[in-house]
Structures are given as structure tokens and as C-alpha cells.
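One-letter residues, chain by chain:
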Amino acid sequence: MHSPTEKPSPVYTLDLNFLANRNVIASYLIPHSGGAILIESGPGSTIPGLTQALKEHGFTPQDVSDVFVTHIHLDHAGASGWLARQGATIHVHPVGAAHLIDPERLLISAGRIYGDQMEYLWGEFLPVPEDQVAIIRDGDEVEINGRVIRAVDTPGHAYHHHTYIYGKLAFSGDIGGIRMQPTRHVRVPMPPPEFHLELWRESVAKLRRLEIEAIAPTHFGIFNDAQTHLGWLANELDAVDDWMKSIMPAEPPVDEIDARFHAWMRQRSLADALDETQIQEYELANPSFMSAPGMQRYWRKHRITS
Ligand SMILES: [Zn+2]
């Protein structure tokens, strides 16, 4: 799974083999003279997959010096406590830091969405010792043996979401949407409690102004058509907005939002020529049932004017 994008400091996509599925959750590896940098830790459940992928590049988990998590959702940051135990420093948005140090509230919130599937899907989320948490703010640059990574605050999917810029490449976490190889189908993951459409639009506009050339969503892989991708994402946000305007004013129950959204997404997937396997990959990376309560909460909080 080698995908070097630039020389002399290449970036490699690590396939974490989530639930034995390829191309669903990525971590990105940047080697440096003192070890390895990772963008995203992946969840606790993919530690074996991460270990294997690191090994293929000649590294052990103990070689990971720094991890930059885009945000603290379980599929992006769940293994950061475990990597901290191997010695890594974890770089995180200021609002996310407290949840890494004490993940209890985060786990309760995720438990509401995933119920008894929590352990199976995400594995263990160990706390990160406070002295191994490095808060990184909007515009900050961190240099690690000549590799420079810059944080750009990009709310919309979550309030504590950074995009990390490395050269002309943006590691976009979930704010860049979800796009599986080799499709042109970009989806917007809208989990509760912090999905916010207007902030998302502003974040996309911010990313477009950065003139990046490549974009690497965590789901999945490096795409070398960043500006085109961001255009598709902006269109998708507009489509979601129109869909919500047609459905949400009647205040349907969450089950009905879920069923209608699922049907709508399926229709859009087929229109983008996805096959059943690809549709399944999107559902694994971004279950549509997760977006229904996110949209409902957003609509009630930000769109209903009394
Ligand atoms: Zn997320």
C-alpha cells in the first residue's frame, strides 16, 4: 500500500484493515530521521492492523514519535492512548485535548450511537497521559526533524477538528468528506452532536483558499485532485442542505429521517455508478444511521427560529 506523493519526504497511506476490510480507515505515515509521524491513530480495534502496516515500512509502534489527530472521534484517535504508552506525543486541537486525557464523556456519547457494538467496532480507548498531549492551535506549525506540519482549524463535522497541511497536501480527517478509491463520490458524515452545515461550508472555503494540490481524507487515501474534490464536497453540502429543507421542517422522528436519508444516499450512490461493494464500504466508513440524529440535532438547534 505504498503511495508516495512527494520527494524527498514521502507520505504513505497505511490501511488499518478495519474489521478485515481494506480501504476504509487510513492512517498516514511520514518517516523522519528520528522515527515516524502518524496522521491519525485509527481506533483501538485496528492496533494489529496499524502494527502490521508500520512493519511493512520498517517501523514498530515504538518508533512513532508523534501522532497528529484531526479530531477525537474513535475511528481517528481511539488508539492515541495506546500509542502514547509506546512513547508518542499526541498533537490535538485545544478543544479535543481534555477528551484524550479523560475519554469518559466521549465514550458515553459514542455509546449512545453504537450501543453494544462499541467494543467490536472501536476496541479500547486508553487515556493519553497529560504530559504527552501537545495542544496545537489554528495556524501553528510543528517541525519534527525537518518535517513541518501546520494546523488549520476546520469546524463543521466537529468543533474540535483540525486539517493538517504538509507541503501541498491536506490531511482532511472528516471535514474533507469521505471518498473511497477510485470513485468521484464524496459524502458528508454528520454525526451528533456537533455537525454544523454553515461552519462546514466556511471550512471548505478556507481549504480552497489554501491552494492545496492533494487531499487525504481518513476515509480513504490520497487524491491528487484537491480543488476538484473540494468543489464536489461543496456541491454535496448544498445537496444535503436542500434535502434537509425538504424533510426537516415537518420534524419527522429520527427513525424516519434515517430511513429517508438512507434511501436518498443509496439513490445518489447508484447515480454515481457505485457498485454494491463500494456502497458497503461507504456504509462502513460512514454509517448513514449516524447522520440522522446529527442532522436532527443541528436542525433543532440552528435552523428552527422561534
Ligand atoms: Zn469524525
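None of these values were measured; they are calculated from a predicted model.

Further remarks concern the sheet that holds strand E6 (residues 133–135). On the basis of which strands lie adjacent, the open sheet formed by six strands has the order E1-E2-E3-E4-E5-E6 and mixed pairing. The open sheet has two free edges, formed respectively by strand E1 (12–15) and E6, since each of these has just one partner strand. Within this sheet the neighbouring strands show an average axis-to-axis angle of 25°, counted without direction. Relative to E6, strand E5 (residues 89–92) is paired through three bridges, and the arrangement is parallel. Bridged to His91 within E6 is Ala134.

Pairing in this open sheet of five strands is mixed, and the strands run E7-E8-E9-E10-E11 from one edge to the other. Each end of this open sheet is capped by a strand with a single partner; those strands are strand E7 (141–144) and strand E11 (214–217). Going from strand to strand, the sheet's axes swing by 25° on average, the running direction of each strand aside. Bridge count between strand E10 (residues 169–173) and E11: four bridges; the pairing is parallel. Among the inter-strand pairings, Ala170 is bridged to a residue of E11, identified as Ile215.

Conventions used here
- Residues numbered from 1 in each chain as written.
- Predicted model: local features only at pLDDT ≥ 70, side-chain atom pairs only at ≥ 80, totals over all residues.
- Heavy atoms only, no water.
- Pairing = 2+ DSSP bridges.
- Helix = DSSP H or I, 4+ residues; strand = E, 2+ residues; numbered from the N terminus.
- Axes fitted to C-alpha atoms, helices over the stretch in contact; angles between N-to-C directions.

None of the figures reported here should be taken as evidence of function without further support.
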